[in-house]
Amino acid sequence: MARVRYFAAAEEMAGTSSEHRAETTLGELRLALAAERPGLGGILPRCAVLVDGARVDDDTPLGADDLVDVLPPFAGG
């Protein structure tokens, strides 16, 4: 199962800083998270979602050793 880490507002909406997930593609993961946690689903389209540090397509397979980071937009200067 892939490990998913949530940061800032995504962590708040997910209710956890990290978890292991069984979805087999990034697209399946996005759909499952949005269905399970509507608050997270509301911001997920604006989040950067990285798999092992890289932006990838929703068709990307997720393996047991993959690390998925969910990073909401950050403001600052």
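My aim in this report is to walk through the structure given alongside it, one point at a time. This structure is a prediction, so every number in the text was calculated from the model and none was measured. (Residues numbered from 1 in each chain as written. Predicted model: local features only at pLDDT ≥ 70, side-chain atom pairs only at ≥ 80, totals over all residues. Heavy atoms only, no water.)

So, unusual backbone geometry
Part 1: Although it is not a glycine, Ala8 adopts a positive phi angle of roughly 50°.
Part 2: Relative to the helices and strands, Ala8 is located in the loop between β1 (2-6) and α1 (9-14).
Part 3: The class of Ala8 is partly exposed, set by a relative accessible area of 45%.
Part 4: For Asp52, which is not glycine, the phi torsion reads 50° and is therefore positive.
Part 5: With respect to the helices and strands, the residue Asp52 is situated in the loop between β3 (48-51) and β4 (54-55). (Helix = DSSP H or I, 4+ residues; strand = E, 2+ residues; numbered from the N terminus. Buried < 20%, exposed > 50% of the residue type's maximum accessible area, 1.4 Å probe, protein only.)

Overview of the side chain of Glu23
Part 1: Position of Glu23 among the secondary structure elements: in the loop between β2 (18-21) and α2 (26-36).
Part 2: Look at Glu23 and you get buried, because its relative accessible area is 17%.
Part 3: Ignoring sequence-local partners within four residues, the contact set of Glu23 consists of Glu28, Leu29, Ala32 and Leu62. (Contact = heavy atoms within 4.5 Å.)

Focus on the pairing of β1
Part 1: Only one face of β1 is buried: it carries Ala2, Val4 and Tyr6, and the other face, with Arg3 and Arg5, is open.
Part 2: Note: β1 against β2, 4 bridges, orientation antiparallel. Residue pairing for β2: Val4 is matched across the bridge by Glu19.
Part 3: Bridge count for β1 against strand β5 (residues 67-71) is 4 bridges, and the pairing is parallel. The residue of β5 that forms the bridge with Tyr6 is Val70. (Pairing = 2+ DSSP bridges.)

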